[in-house]
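Survey of secondary and tertiary structure
Below, each chain spelled out in residue letters.
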Amino acid sequence: MAKSTRAETAARAAQLRAEAARKDRQRTQVIAASVAVVVVIIAVVVGVVISNRPKDAPAAASGGAAALATLEKLPATLFDKAPAPSPAQAPTKLQGGTALTQDGKPKVLYIGAEYCPFCAMERWALIGALSRFGTFTGVTETTSSSTDVHPNTPTFSFKDAKFTSDVVAFQAIETQDREGKPLQTLDGENLALFQKFNPGGGIPWVTYGGTHATDGATVDANAFEGKTYDQIIAGIQDPTSDIGKTVTPAINMITAQICSQTDGKPANVCTSQGVQSASVLLKR
């Protein structure tokens, strides 16, 4: 009898263990199925979101592209808050210079190179000023040479640039690329002007209407040292920053020089407080 009871007990225990194992397998299967359903639901939701996202939505601009867009649209109120330019920022009158025009408009001629760090800095001021008179296309971002002073200064290239304005013309010649290799040819009337009024050959050289010119950067190079595109444009928007204190007055100075050759057009630009303040230096 005792043997029979032990056998029955053992059999019953084995049956219970088998039943428990079966239930464990069922629970595992239910959990796995639930997880699979959740994964499918998540995949469907993500797929719907992606499929409904506008296909033509532009990526957020950053770096050079964003800085350029901001530089071309700086508000007039910013320039009215700018410090007065220094005499060193005023273009020099060219003795014996004659009017330089294009399509009946005074012409601003820039001669520089992509490798040149001082050209890199001056382009910020030139673009800021000329954008008050017209519209640029084809300006591309680049940096100055990595092996020159102030290496890798964030800037823009005028190589493929075009400028449209009702009152002033602009031509740029980038003579060498970032590596110092030949890029665009300086010849004809432009070469003659450059050699006559800038025999030392320094760049950047900018003539305003053939009667005035600047030789070298009109902004403080130290303010640009180690700065990124974002830091430069943020500084330009703050007239109290080191960059703002040098670039915004330079923009007003260039603007005032151009206004003196466009007969004060456009009036809303040429009669602004910042430009009028800069114009005082031109009369000295």
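Okay, so let's go over this structure. (Residues numbered from 1 in each chain as written. Predicted model: local features only at pLDDT ≥ 70, side-chain atom pairs only at ≥ 80, totals over all residues. Heavy atoms only, no water.)

Quick notes on the side chain of Lys105
Rules: For helices the rule is a DSSP run of H or I covering at least 4 residues; for strands it is a run of E covering at least 2, with both sets numbered from the N terminus onward. Residue burial is assigned from relative accessible area. The probe radius is 1.4 Å, only protein chains are included, and a residue is buried under 20% of its type maximum, exposed over 50%, and partly exposed in between. When charges are counted, Lys and Arg contribute as positive and Asp and Glu as negative, whereas His and the chain ends are disregarded. Definition used for salt bridges: Asp or Glu carboxyl oxygen within 4 Å of a side-chain nitrogen of Lys or Arg. Here, residues are in contact when the closest pair of their heavy atoms is within 4.5 Å.
Along the chain, Lys105 turns up in strand β3 (residues 105–112). Salt bridges are absent for the buried Lys105, whose nearest opposite-charge side chain, Asp103, sits at 5.2 Å. If we skip the residues at most four places from it in the chain, Lys105 touches Leu100, Ser165, Asp166, Val167, Val168 and Ala169.

Looking at the packing of helix α6 (residues 229–236) against helix α7 (residues 242–259)
Counted only if it meets this: Axis definition: a line fitted to C-alpha atoms, limited for helices to the stretch in contact. Angles are taken between N-to-C directions and run from 0 to 180 degrees. Roughly parallel refers to an angle under 35 degrees, roughly antiparallel to one over 145, roughly perpendicular to one between 65 and 115, and oblique to any angle outside these ranges. Handedness of a crossing follows from how the near helix is turned relative to the far one, being left-handed for an anticlockwise turn of less than a right angle and right-handed for a clockwise one. The classification used treats Ala, Val, Leu, Ile, Met, Phe, Trp, Tyr, Cys and Pro as nonpolar, Asp, Glu, Lys and Arg as charged, and all other residues, Gly among them, as polar.
Contact geometry of α6 with α7 gives a least axis separation of 7 Å together with a crossing angle of 70 degrees. Classed by the angle they form, the pair α6 and α7 counts as roughly perpendicular. Every pair of crossing elements has a handedness; the one defined by α6 and α7 is right-handed. Every residue of α7 that contacts α6 at Gln231, Ile232, Gly235 and Ile236 is listed here: Ile243, Gly244, Val247 and Thr248. The residue makeup of the contact of α6 with α7, split by class, is four nonpolar, four polar and no charged.

Some points on the pairing of strand β6 (residues 154–157)
Put simply, the test is: DSSP-based pairing: two strands are paired if at least 2 bridges between them are found.
Residues Pro154 and Phe156 of β6 are buried on one face, and the alternating residues Thr155 and Ser157, pointing to the opposite face, are buried as well. As judged from the four bridges shared by strand β5 (residues 140–143) and β6, these two strands associate in the antiparallel manner. The partner of Thr143 across the bridge, within β6, is Pro154.

Observations concerning the environment of Ala84
Tracing the backbone shows Ala84 in the loop between α3 (76–80) and β1 (92–93). Separated by 190 residues in sequence, Ala84 and Gly274 have C-alpha atoms that sit 7.5 Å apart. The residues contacting Ala84, other than those within four sequence positions of it, are Pro249 and Ser277.

A short note on the state of the cysteines
Stated precisely, the cut-off is as follows: In this description, a disulfide is simply a cysteine sulfur pair whose atoms lie within 2.5 Å.
Applying the stated criterion across every chain yields a total of two disulfides. Linked covalently through their sulfurs, Cys116 and Cys119 form a disulfide whose S-S length is 2.5 Å. Here Cys116 and Cys119 share a disulfide; its torsion about the S-S bond, 85 degrees, makes the bridge right-handed. Two residues, Cys259 and Cys270, share a disulfide whose sulfurs are 2.0 Å apart. Between Cys259 and Cys270, the S-S dihedral sits near -85 degrees, and the bridge is therefore left-handed. On the criterion of sequence distance, the pair formed by Cys259 in helix α7 and Cys270 in helix α8 (residues 267–270) is long-range, its members being 11 residues apart.

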